[in-house]
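# Topology and contacts: notes
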Number of protein chains: 2
Amino acid sequence: MKLATLAGRHGVTAAAIRVEGHWRRLPFPDLNDLLTHTGAAIDTVAHLAGEALEGWRLACPLPRPAKVVCCGLNYADHIREMGRELPAHPTLFAKYADSLLGPEDDIALPAGVDVDWEAELAVVVGADLERADVVTAGRAIAAYTVANDISVRDWQNRTLQWFQGKAWDRSTPLGPVLVTPDEIDVAGGVDVICRVNGVQRQRGNTKTLVFDPAALLAYVSTFTRLRPGDVVLTGTPGGVGMGMKPPLYLADGDVVETEIPGIGTLQNRFTTR
Amino acid sequence: MKLATLAGRHGVTAAAIRVEGHWRRLPFPDLNDLLTHTGAAIDTVAHLAGEALEGWRLACPLPRPAKVVCCGLNYADHIREMGRELPAHPTLFAKYADSLLGPEDDIALPAGVDVDWEAELAVVVGADLERADVVTAGRAIAAYTVANDISVRDWQNRTLQWFQGKAWDRSTPLGPVLVTPDEIDVAGGVDVICRVNGVQRQRGNTKTLVFDPAALLAYVSTFTRLRPGDVVLTGTPGGVGMGMKPPLYLADGDVVETEIPGIGTLQNRFTTR
């Protein structure tokens with residue numbers, strides 16, 4: 001099942017479900033609201049599908065997760081690229097709902113900062129998780145989606161803590177849709193791809209994740225509760241601009257495509273404001 | 001002016017104002033709600049003071065800030081204690097509303113982790129701040145309060161990112177009251193004190209802050225918007241347990257007192273669960 005948050009006119013949004021090639025309205029203003037009602041059982045909404053929403057555009061599927069937890073250094077090839085060793089524990093940092101952006105929106109950041117790409121699989125939480133074991137955490141996965149953990153590298157590297165390079169408002173595209181776990185085999189392996197101006201810069205596969213989605217959710221829930229609609233970003237594979245020699249960062253007008261086959265593609269233009 | 005969120009019976013809370021030695025009710029359920037209505041002009045609520053609230057206890061003054069941004073390494077003496085150099089930029093990380101705790105609540109964390117104290121001055125945001133200059137940020141300070149950035153050191157040091165040692169649910173006491181800026185001279189210098197079982201472990205002074213409250217708010221607002229009721233923790237002075245030789249951490253039953261004269265004292269018992 002594929003779900004989205006669609007934006008119509010005058011700032012109106014609606015949750016929607018994909019049925020036979022059309023988006024049909026669900027009786028929730030967005031997917032955060034839907035998840036609050038359904039928890040992980042988002043497939044139970046299928047019978048609520050209403051009229052087709054023609055001419056609406058894809059919005060950020062989850063406009064207000066209370067928590068957006070990100071994992072760094074989770075693909076073996078990216079870890080090597082950054083000159084580090086395979087970790088015993090996931091490296092975690094936070095973003096905000098304010099950090100998120102729709103799948104077709106411009107990424108507008110100030111001129112003069114070093115903006116890099118990080119294609120990622122994102123996991124959408126569907127249940128309250130507090131000190132959950134891995135099995136419970138796995139059952140609580142409501143859906144998967146695509147994210148690009150756009151990073152302002154010079155700010156990220158100003159201090160030991162990455163947060164100030166990671167939590168820029170409206171920097172992190174998410175979407176285009178939420179896909180239920182029955183439609184995508186993350187453990188078997190799905191590709192995570194980033195292209196800049198059509199040139200492939202990243203292609204990793206989730207079967208090389210050091211910490212898989214259930215393990216990440218369980219780990220995070222050890223110290224902080226997760227709730228339906230929260231998002232966990234699972235880290236990026238090799239091929240970021242910072243790892244190139246010399247480093248390559250986004251320039252005004254560059255188009256970043258972030259794709260996971262089976263979910264979809266984010267297409268965001270980078271602009272300097 | 002001193003304001004608090006008080007808890008009565010059956011989970012009811014109320015914002016309250018201190019008048020002639022008594023807490024009097026304000027028509028808001030808590031200080032987050034009050035700040036949403038008043039912004040930085042919280043002194044405008046004085047005329048709304050209602051009946052005295054006798055027998056209510058002090059609750060977490062801000063139960064649901066959207067952002068709790070913390071600064072590390074902001075007192076020259078603590079920076080030296082941790083073996084680091086004076087920074088050009090503030091080191092920032094995030095906590096959650098879930099991390100917060102009332103001024104008299106127990107800090108209950110699992111046995112077997114290394115729990116340390118960090119007494120801090122907390123700044124309460126009173127206006128929308130987006131790419132604000134320091135003057136604008138200074139005017140947006142609604143109040144000051146006391147926090148203890150309780151840190152799970154072994155988790156903090158598992159990876160390069162401190163977040164997983166800092167964002168434990170119900171770890172970070174805040175309060176006991178909010179004090180408006182006219183009552184406290186942060187630039188002139190106020191002491192920030194931590195005692196464990198009555199033994200003073202930290203005593204710093206805000207006049208030695210590397211980045212003062214207005215500078216921190218302005219800096220954070222460069223990358224993410226701050227709103228009324230958000231909280232910024234300004235860092236801790238020297239004297240944390242991790243800096244002792246050998247390191248000293250909290251034990252079941254220890255009582256942590258965190259004091260800033262002119263604001264008040266948090267008194268929290270540490271318990272292992």
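Residues numbered from 1 in each chain as written. Chains lettered and ligands numbered in written order. Predicted model: local features only at pLDDT ≥ 70, side-chain atom pairs only at ≥ 80, totals over all residues. Heavy atoms only, no water.

## What to know about helix H6 (residues 213–223) of chain A
The buried count for H6(A) comes to nine of eleven residues, which makes it a mostly enclosed element. For H6(A), every residue scored as buried is listed here: A:Pro213, A:Ala214, A:Leu216, A:Leu217, A:Ala218, A:Tyr219, A:Val220, A:Ser221 and A:Phe223. (Buried < 20%, exposed > 50% of the residue type's maximum accessible area, 1.4 Å probe, protein only. Helix = DSSP H or I, 4+ residues; strand = E, 2+ residues; numbered from the N terminus.)

## Observations regarding the packing of aromatic side chains
Scanning the entire structure with this criterion turns up 14 aromatic pairs over all chains. A ring pair is formed by A:Tyr96 and A:Phe163, whose centres lie 5.8 Å apart and whose planes are at 85°; its orientation type is edge-to-face. One end of the pair, A:Tyr96, is in the loop between strand E6 (91–95) and strand E7 (100–101); the other, A:Phe163, is in helix H5 (residues 163–166), with 67 residues separating them in the sequence. Taken together through their ring pairs, the aromatic side chains of A:Tyr96, A:Trp155, A:Phe163, A:Trp168, B:Tyr219 and B:Phe223 make up a single cluster. (Phe/Tyr/Trp six-rings, centres within 6.5 Å; stacked < 30°, edge-to-face > 60°.)

## Concerning the sheet that holds strand E17 (residues 255–260) of chain B
Residue and element names in this part refer to chain B. Strand order in the open sheet formed by five strands is E8-E18-E17-E14-E15, and the pairing between neighbours is mixed. Two strands close off the open sheet at either side, each with one partner strand: strand E8 (107–109) and strand E15 (199–205). Averaged over all adjacent pairs, the angle separating strand axes in this sheet is 20°, with direction ignored. Pairing of E17 with strand E18 (residues 264–272), which is carried by six bridges, proceeds in the antiparallel orientation. From the neighbouring strand, Val256 faces E18, where its bridge partner is Asn268. (Pairing = 2+ DSSP bridges. Axes fitted to C-alpha atoms, helices over the stretch in contact; angles between N-to-C directions.)

## What about the nonpolar core?
Within the largest apolar cluster, 120 residues are counted, with the highest numbers of intra-cluster contacts made by A:Leu217, A:Ile263, B:Leu217 and B:Ile263. Excluding anything up to four places from it in sequence, A:Ile263 contacts A:Lys2, A:Leu121, A:Tyr144, A:Thr145, A:Val146, A:Gly175, A:Pro176, A:Val177, A:Val179 and A:Ile184. (Core = buried A, V, L, I, M, F, W, Y, C linked by side-chain atoms within 4.5 Å. Contact = heavy atoms within 4.5 Å.)

## Some points on the interface of chain B and chain A
The parts lose accessible area when they come together, and the size of an interface is often stated as this lost area. Listed as interface residues are 32 residues of chain B and, on the opposing side, 32 residues of chain A. With both sides pooled, the region where chain B packs onto chain A buries about 3,100 Å², and carbon together with sulfur makes up 56% of that total. For chain B, the biggest contributors to the area lost against chain A are B:Tyr96, B:Gln161 and B:Phe223; these three give 23% of the whole. The interface formed by chain B and chain A includes four salt bridges. Between chain B and chain A we count 21 residue pairs in polar contact (both at pLDDT 80 or more) in total. Secondary structure elements with two or more residues in the side of chain B that touches chain A: strand E5 (68–72), strand E6 (91–95), helix H5 (163–166) and helix H6 (213–223) of chain B. Here the side of chain B that touches chain A gets four residues from one element, more than from any other, and that element is E6(B). The class makeup of the residues in the side of chain B that touches chain A is 16 nonpolar, seven polar and nine charged. (Buried area = accessible area lost by both parts, 1.4 Å probe. Salt bridge = Lys/Arg side-chain N within 4 Å of Asp/Glu carboxyl O. Polar contact = N/O pair within 3.5 Å; in protein donor to acceptor, adjacent residues only side chain to side chain. Nonpolar A, V, L, I, M, F, W, Y, C, P; charged D, E, K, R; others polar.)

## As for the domain arrangement of chain A
All names here are of chain A. Each assigned domain of chain A is listed with its residue range as follows: domain 1 (2–58) and domain 2 (68–272). Relative placement of domain 1 and domain 2: their C-alpha centres are 24 Å apart. Each partner contributes to the interface: domain 1 provides 13 residues, whereas domain 2 provides 20 residues. For the domain 1 and domain 2 pair, buried surface summed over both sides reaches about 1,200 Å², with 62% attributable to carbon and sulfur atoms. On the domain 1 side of the contact with domain 2, Lys2, Leu35 and Leu58 bury the most area, a combined 49% of that side's loss. Across the domain 1-domain 2 interface, the total number found is two salt bridges. (Domains from an automatic or database assignment.)

## Some points on the relation of the copies chain B and chain A
Least-squares fitting of chain B to chain A yields an RMSD of 0.0 Å, with the transformation described by 0.0 Å of translation along the axis and a rotation of 180°. Within this description, the copies of the chain are treated as partners about a two-fold rotation axis. Among all C-alpha atoms of chain B, that of B:Gln161 lies closest to the rotation axis, at 2.9 Å. The fraction of interface residues of chain B whose copies in chain A are also interface residues reaches 100%, indicating that both copies meet through the same surface. (Least-squares fit on C-alpha atoms with pLDDT ≥ 70 in both.)

## Notes on helix H1 (residues 31–38) of chain A
Residue and element names in this part refer to chain A. Taken across its eight residues, H1 has six buried, putting it largely inside the fold. All of the buried residues in H1 are Leu31, Asn32, Asp33, Leu34, Leu35 and Thr38. Contacts made by the buried residues of H1 are with strand E1 (2–7), strand E2 (13–19), strand E10 (119–125), strand E11 (141–148) and strand E13 (172–179). Backbone nitrogen of Asn32 and a side-chain oxygen of the N-cap are separated by 3.0 Å at the start of H1; the cap is Asp30. Where H1 terminates, the next one or two residues include Gly39, which has phi positive at roughly 60°.

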